[in-house]
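# Report on the structure
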Amino acid sequence: MTHVAATGASAAPYRDPERQSFLRRRAVRNRTVASVSMVVFLVVLAVAVTSSPGWPAVQKSFFDPTAFRESMPDIWSAFWLNVRMFLVAEPLILVLGLLIALARGLRAPMWAPLRVLAAVWTDVFRGIPTLLLILLFGFGIPALRIKGLTNEPVVWGTVALVVSYSAYVAEVYRAGIDSVHPGQRAAARSLGLSDGQTSRFVVLPQAVRNVVPPLLNDFISLQKDTALVSVLGPIEALRAAQIYASDTFNYTSYVAAAVLFISLTIPMARYTDWLLARQRRRKAAGGSW
Amino acid sequence: MLRPARSVSALASLASVLLLAACATESTPSSAGSSSPATSADACAASTLRLVTPGTLTIGTDKPAYPPYFVDDTPTNGKGFESAVAYAVAARMGFTKDQVKWTVVPFDSSYAPGEKKFDFDINQISITDKRKAAVDFSTPYFTVPQAVLTLNTSKFANATSIADLKDAKLGAQVGTTSLAFINNTIAPTQQAQVFNDTAGAKSSLSNGTLDAIVVDLPTAFYISAAEIDGSKVVGQFAVDPSADTWGLLFGKGSTLVGCANQALAQLASSGDLAKITAQWLSTDVKVPVLQ
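What counts, and at which threshold
- Residues numbered from 1 in each chain as written.
- Chains lettered and ligands numbered in written order.
- Predicted model: local features only at pLDDT ≥ 70, side-chain atom pairs only at ≥ 80, totals over all residues.
- Domains from an automatic or database assignment.
- Core = buried A, V, L, I, M, F, W, Y, C linked by C-beta atoms within 7 Å.
- Buried ≥ 20, exposed ≤ 12 C-beta atoms within 10 Å, placed from the backbone.
- Contact = placed C-beta atoms within 7 Å.
- Helix = DSSP H or I, 4+ residues; strand = E, 2+ residues; numbered from the N terminus.
- Pairing = 2+ DSSP bridges.
- Nonpolar A, V, L, I, M, F, W, Y, C, P; charged D, E, K, R; others polar.

Glancing now at the domain arrangement of chain A. Along its sequence, chain A is carved into domain 1 (3-51) and domain 2 (65-281). For domain 1 of chain A and domain 2 of chain A, the distance between their C-alpha centroids amounts to 40 Å.

Following this line, the structure appears as structure tokens:
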């Protein structure tokens, strides 16, 4: 986007050629300065790191191409477990979190128990370290030896993640619901919509749109937290990396695992950016100004 | 690395002493050769050693430090196999008990690049060729077979061969040669479960998530005798000399390795090492060797 477009220029009928060329020159100069300063910064950083006395040892321990190649196949296949846990947990969290947020917003007196339960759920499960929840579900529930209940650690680890993240996500939803102007609800009611219809057709659509970015933020965090389930025994990517590292005394495998996690989170972050940009465009097109 | 335990067969400890003596005589001169013509008593005088803290021998181990390698999670009490070995080595190197300082070194940080905060680390660490690329090891002070532990009620309690364990759900601690053993030798049909420490493996064994766990033999004895009621050591496996010997861990290029090796050789030839082994790792239990 050129500077001219950025300032809007609001389709001016007449453009001063002198000013146009000034703006062009300034844009070129800005880009040049930005590029040079970026390059200088990176070079200084690279020189500072690689010329340090311990760099060869660090390079060998963390960035060894051979170790990277050797460890990647095992980490790659273990990473599939992270992806599966994530794919199962995410929809469950979205639904459960929404239900909890809605339960907290119930106004009728007869729903008091649900309201309290929802509040307790978020307070308790948000406060407990996720690791403890995973240990509690993964080691505790199988130890009860209840007939017919699976003792598969991956299942209970995923359940613990769902419980923990549903508490966070419920609060995100609640913030979204609160962000909808009270006038919207009042207007809907005055049009004759019931309380439930107001929520369903007026409040929630706006609320959810407002909280998509923080929700995706939570899911990026969830992707990495699937690694916590490894304390129960299953071998996921980070554990596979640790196995390689402790076998060879070389940390490069962790870098390999990080590459996989990043390759999942960066597309997601760009998707969030794109959603936000689209939202902004639509609001603008809606003629709100 | 291998973790927690009790008795080991007399044969195993005898083998470790013999192996140790053999290795010591082979490698002591070569590893010390770079700094001095021979590792003489003078070259290893406590006052001339390059230490992390001058005048003090700083020894690392993980926390918690498990029995029977350490007792009461207190390395300074001299109790437990590895604490006793560490103090014996220190004494042979010319350090009094007061001149030995312990520091906590989590296993995962023991091989970090850069300056070490310990002179040597003793933490049931197996000597392997791959690891030697990152750190230096002393000659072995112990040789230990792997063993299978299960509940008496398990259908694998009467396994008599490695093949009998193929369909078992197995678990081990991360970073141990036990895990490598499961994958390479037993090659189970279901992927092994891996835990941060033996505590996780023990929980999964007692709550029925796992059929059996693989640990080193002293640890297996310790768990079955003191920690999990109704558990038994099904069998042990033949010693793999490339994975089942434990050594002191040093930073790469440490000048102390030769002197520590010399101390270990003296402990082996004087019979002190065998005595320490017999004292802390009881030798009266017979366990069948699974083939």
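With 136 residues, the main nonpolar core has B:Val89, B:Leu170, B:Ile213 and B:Ala260 as its most contacted residues. Once residues within four sequence positions are removed from consideration, B:Val89 is found in contact with B:Ala260, B:Ala263, B:Leu264 and B:Leu267.

The subject of this paragraph is the environment of B:Asp229. Residues and elements named next belong to chain B. Inspection of the secondary structure puts Asp229 in the loop between helix H5 (217-227) and strand E10 (231-237). The exposed category is assigned to Asp229, around which 9 C-beta atoms lie within 10 Å. For the pair Asp229 and Asn152, spaced 77 residues apart in sequence, the C-alpha to C-alpha distance is 9.2 Å.

Here we come to the pairing of strand E6 (residues 146-151) of chain B. Residue and element names in this part refer to chain B. When you tally the buried positions in E6, you get 6 out of 6 residues, the bulk of the element. Here E6 shows a buried face lined by Gln146, Val148 and Thr150 and a second buried face lined by Ala147, Leu149 and Leu151. Bridge count for E6 against E10 is 5 bridges, and the pairing is antiparallel. Note that in E10 the partner of Ala147 across the bridge is Gln236.

This part covers the interface of chain B and chain A. Contacts between chain B and chain A engage 26 residues on the former and 22 residues on the latter. At the level of elements, helix H3 (177-186), strand E8 (193-195) and helix H4 (198-206) of chain B are the ones that each hand at least two residues to the side of chain B that touches chain A. Grouping the amino acids of the side of chain B that touches chain A by side-chain chemistry returns 11 nonpolar, 12 polar and 3 charged.

Once that is clear, we can look at the environment of B:Ala45. Its location among the elements puts B:Ala45 in the loop between helix H1 (10-32) and strand E1 (57-61). Spatially, the C-alpha atoms of B:Ala45 and B:Asp98 are 17 Å apart, while their sequence positions differ by 53 residues.

All names here are of chain B. Of note, the amide linkage connecting Lys63 to Pro64 takes the cis form, showing an omega dihedral of 0°. With respect to the helices and strands, the residue Pro64 is situated in the loop between E1 and helix H2 (81-92). With omega at 0°, the peptide bond leading from Pro67 into Pro68 counts as cis. With respect to the secondary-structure elements, Pro68 resides in the loop between E1 and H2. Backbone geometry at Asp72 places phi at a positive 60°, although glycine is not the residue there. Residues other than glycine seldom take positive phi values, yet Asp73 does so here, at roughly 55°.

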